[in-house]
Every structure is written in C-alpha cells, then in structure tokens.
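Topology and contacts: notes
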Amino acid sequence: MHGTVVRREELTPSLVRIVLGGEGLSGFEAPVETDAYVNLAIAPDGAAYGPVFDPAEVRESQPKDMQPARRRYTVRRWDAESGELTLDFVVHGDVGAAGRWAASAEVGDVLVLEGPGAGYRPDSSAAWHLMVGDESALPAIAASLEVLDPSATAVVRLECDGPDHQVPLLSPARLDLAWVHRTAEDPAPLPAAIEALDFPEGRVHAFVHGEADEIRAIRRHLLVERGLTRQDMSCSPYWRRTMTDEAWRAVKRDFVQAMEADAE
C-alpha cells in the first residue's frame with residue numbers, strides 16, 4: 001500500500017503534517033481505536049527500487065544498507081470519504097529517517113506503508129481520562145480527545161519546547177489542558193507535572209506515551225503512588241533522549257521488560 005502526498009503543512013517549528021491520498025490507499029480501513037498506526041517503509045537515498053515497492057520483497061532482495069527504514073506512525077486522521085490519510089511527523093533537521101523524509105516531502109511524493117494496527121481507545125466507562133505525552137504522542141491524544149463524550153472529563157498534560165510548539169486541541173469533553181515546556185535547567189518536566197496533579201474522583205483510564213525515561217517515571221508513579229493498575233493505562237516509550245531511532249530500537253525490548261518490573 002502507498003499514499004501520494006497531496007498536502008503538506010508546518011504546524012510548528014518541529015511538527016509537519018503530511019496528507020496522503022491517491023489510489024494506492026484503496027482498501028485502507030482505519031480501526032475504531034484512536035491510536036491507530038501504520039508502518040512506514042522509507043527507502044534510503046540511492047535505492048535502486050521505488051518509489052512504490054513491496055517491503056517484504058525488498059528485504060529479501062536488497063543488501064542491508066539498501067533496505068528501507070521501518071517506522072511506526074500514528075494515524076492522526078483518516079477521511080474515508082475523500083480517501084485521505086493524515087500523519088503528523090516530528091522533525092529535527094536531518095535526524096531520523098521519517099522526520100527527514102517529512103521535512104523535504106513535496107506534493108506528488110510517494111510513501112509506502114503497511115497496516116493499520118491499533119491498541120488504545122478511551123474507555124467510556126471510566127470516570128475520567130488522563131492523557132500524558134510529548135510531540136510524539138500528540139496525534140493519538142488529539143484523536144482521542146475528539147471522540148470523547150461531552151459528559152467526559154479529560155486531564156491532559158503535554159510537553160514541548162515552548163509556546164510556539166503548542167497546537168490547538170479540541171474536544172467535546174470537559175478539558176483540563178496544560179502544556180509544560182522543556183528548559184535547559186529542566187529538559188524533562190513532565191513527570192513532576194503529573195506528580196503535582198490533583199486527581200479527580202473515580203476510576204481513571206490513562207494514556208501515557210512519549211520519551212522513555214519520562215514515561216517510565218510517570219508509569220511508576222501512577223502504579224505505586226496513585227494506585228492505578230496496568231489495565232487502567234496504555235503506556236509506551238516511543239523514543240529515548242540521546243539515542244538515535246536505530247539505537248533505541250536495539251534496546252527497547254530490554255527497556256520495556258525492565259519498566260514492566262518496576263512496580264512488581
């Protein structure tokens with residue numbers, strides 16, 4: 001499956017929105033979950049194949065340095081009527097295969113993808129919702145807020161580099177939203193922001209995704225100090241500060257295993 005870039009928009013200095021369309025998305029069906037994702041396959045510079053290719057076939061036929069980078073990205077929106085798929089990319093110059101592709105993408109460019117898959121959707125039986133993350137979790141949080149019932153309550157804490165990195169978020173629910181900003185003195189302020197929260201009454205359903213060490217600290221706090229169960233939350237470390245995508249992917253399994261054991 002593949003999509004063709006039909007629109008590109010710079011939402012913030014570090015967030016680029018890519019809208020894909022075209023016949024290559026025929027048959028795409030988004031799950032009901034709000035953290036639906038697709039697996040992207042991005043060919044390296046100089047690849048002798050593409051722009052449309054079969055990732056499995058390329059893995060079998062090409063040397064390692066010519067195989068596509070594989071990245072998982074949240075579906076920000078799927079418009080079945082127009083056949084358009086919206087993905088938001090965090091970009092940091094030339095860092096990261098997907099961000100680098102999005103930074104230079106133009107209308108008409110092709111992106112190969114597989115999926116979709118999914119996991120979390122806000123539990124309508126919960127008394128309230130806690131959504132925590134950074135730019136990498138923003139698409140899933142934004143999509144989740146949009147499906148909440150007007151009677152629901154959502155407490156959202158998001159981390160970014162400053163006011164010009166914030167984006168508007170809308171929800172029919174009662175929304176308690178605050179952004180926390182990284183500084184040179186405190187590059188990871190999100191755990192402290194969660195520890196300072198006054199929790200509403202009742203069972204919470206939590207979505208906690210973002211930078212690995214911050215997410216691990218928040219998860220431990222929610223389980224040990226706040227009494228949540230593992231079933232009360234969707235929790236995943238998407239990336240790790242000071243590590244490239246490739247380095248993080250190499251150690252992520254061990255990190256998650258250690259994180260799972262924190263509250264045992």
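Residues numbered from 1 in each chain as written. Predicted model: local features only at pLDDT ≥ 70, side-chain atom pairs only at ≥ 80, totals over all residues. Heavy atoms only, no water.

1. Quick word on the packing of helix 5 (residues 212-224) against helix 6 (residues 245-260)
Axes are the key here: two packed helices are described by the angle between their axes and the distance separating the axes. As a packed pair, helix 5 and helix 6 sit with axes 11 Å apart at the nearest point and diverge in direction by 10°. Compared by their axis directions, helix 5 and helix 6 come out roughly parallel. In this structure, helix 5 uses Ala212, Asp213, Arg216 and Arg219 to contact helix 6, whose residues at the interface are Trp248, Phe255, Ala258, Met259 and Glu260. Taken together, the residues of the contact of helix 5 with helix 6 break down into five nonpolar, no polar and four charged. (Axes fitted to C-alpha atoms, helices over the stretch in contact; angles between N-to-C directions. Helix = DSSP H or I, 4+ residues; strand = E, 2+ residues; numbered from the N terminus. Parallel < 35°, antiparallel > 145°, perpendicular 65-115°, else oblique. Contact = heavy atoms within 4.5 Å. Nonpolar A, V, L, I, M, F, W, Y, C, P; charged D, E, K, R; others polar.)

2. Comments concerning the pairing of strand 12 (residues 233-239)
Here six bridges tie strand 11 (residues 204-211) to strand 12, and the two strands are oriented parallel to one another. Within the sheet, the bridge partner assigned to Ala206 lies in strand 12 and is Met233. The β-α-β motif built from strand 11, the intervening helix 5 and the parallel element strand 12 has right-handed crossover chirality. (Pairing = 2+ DSSP bridges. Right-handed = clockwise from strand over helix to strand, strands pointing away.)

3. Some thoughts on the environment of Gly133
Summarising the element assignment, Gly133 is placed in strand 8 (residues 128-133). The exposure class assigned to Gly133 is buried, which follows from its relative accessible area of 0%. With residues up to four places along the chain from it excluded, the contact list for Gly133 reads Ile141, Arg157, Leu158, Glu159, Leu190 and His209. (Buried < 20%, exposed > 50% of the residue type's maximum accessible area, 1.4 Å probe, protein only.)

4. Some thoughts on the layout of surface pockets
Roughly 1300 Å³ of volume is contained in the largest pocket. Lining the largest pocket are 41 residues; nearest its centre among them are Arg72, Ser136, Tyr238, Trp239 and Asp245. When contributions to the lining of the largest pocket are tallied by element, the ones reaching two or more residues are strand 3 (37-42), strand 4 (69-74), strand 6 (84-90), helix 2 (97-104), strand 12 and helix 6. The element that contributes the greatest number of residues to the lining of the largest pocket is strand 4, accounting for five residues. Classifying every residue of the lining of the largest pocket by side-chain character gives 15 nonpolar, 12 polar and 14 charged. Estimated volume of the second largest pocket: approximately 680 Å³. Along the wall of the second largest pocket there are 25 residues; nearest its centre are Ile42, Ala43, Pro44, Asp45 and Trp101. (1 Å grid on protein atoms, 1.4 Å probe; cavity = no way out; pocket = protein on both sides within 12 Å on 5 of 7 lines; lining within 4 Å. Points joined across faces, edges and corners; volume = space filled by probe spheres on them.)

5. Remarks on the side chain of Asp134
Its location among the elements puts Asp134 in the loop between strand 8 and helix 3 (138-146). Among buried charged residues, Asp134 stands out as having no salt bridge; its nearest opposite-charge side chain is Arg182, 4.1 Å away. Within the structure, Asp134 has its side chain in polar contact with the side chain of Trp239 (distance 3.0 Å). Sequence-distant contacts of Asp134, that is, excluding residues within four places in its chain, are made with Leu158, Glu159, Arg182, His209, Gly210, Glu211 and Trp239. (Lys, Arg positive; Asp, Glu negative; His and termini not counted. Salt bridge = Lys/Arg side-chain N within 4 Å of Asp/Glu carboxyl O. Polar contact = N/O pair within 3.5 Å; in protein donor to acceptor, adjacent residues only side chain to side chain.)

6. Observations concerning the pattern of salt bridges
Inspection of the entire model under this criterion finds 22 salt bridges. Residue Arg182 is joined to Glu159 by a salt bridge in which the shortest nitrogen-to-oxygen separation is 3.0 Å. With Arg182 in the loop between strand 10 (174-181) and helix 4 (190-195) and Glu159 in strand 9 (residues 153-160), this pair connects stretches of sequence that are 23 residues apart. Judged on exposure class, the residue Arg182 and its partner Glu159 are both buried.

7. Points about the nonpolar core
If you look at the biggest cluster of nonpolar residues, it comprises 23 residues, and the most contacted ones within it are Ile18, Leu20, Leu40, Leu85, Phe89 and Trp101. Sorting the residues of this core by element identifies strand 2 (15-21), strand 3, strand 6, helix 2 and strand 7 (110-117) as the ones contributing at least two each. With 20 residues, the next largest nonpolar core counts Met131, Leu138, Trp179 and Phe207 among its residues. (Core = buried A, V, L, I, M, F, W, Y, C linked by side-chain atoms within 4.5 Å.)

8. Some details on the sheet that holds strand 5 (residues 77-79)
Strands belonging to one sheet form pairs held by backbone hydrogen bonds; the direction of such a pair is parallel or antiparallel. With antiparallel pairing, the seven strands of this open sheet are ordered in space as 4-3-7-1-2-6-5. Edge positions in the sheet fall to strand 4 and strand 5, since each has one partner strand and no second. Here the strands of the sheet are splayed against their neighbours by 35° on average, with no regard to which way each runs. Across six bridges, the pairing between strand 2 and strand 6 is antiparallel. Looking at the pairing, Arg17 lines up with Asp88 of strand 6. Packing against the sheet, helix 2 makes contact with strand 1 (2-12), strand 2, strand 3, strand 4, strand 6 and strand 7, and its axis sits at approximately 75° to strand 4.

9. Side note on helix 3
The α-helix winds at 3.6 residues per turn, so residues separated by three or four positions along the chain end up facing the same way. Extensive coverage of helix 3 is indicated by the burial of eight of its nine residues. If you check which residues of helix 3 are buried, you get Leu138, Pro139, Ala140, Ile141, Ala142, Ala143, Ser144 and Leu145.

Remember that the coordinates give geometry; whether it matters functionally is a separate question.
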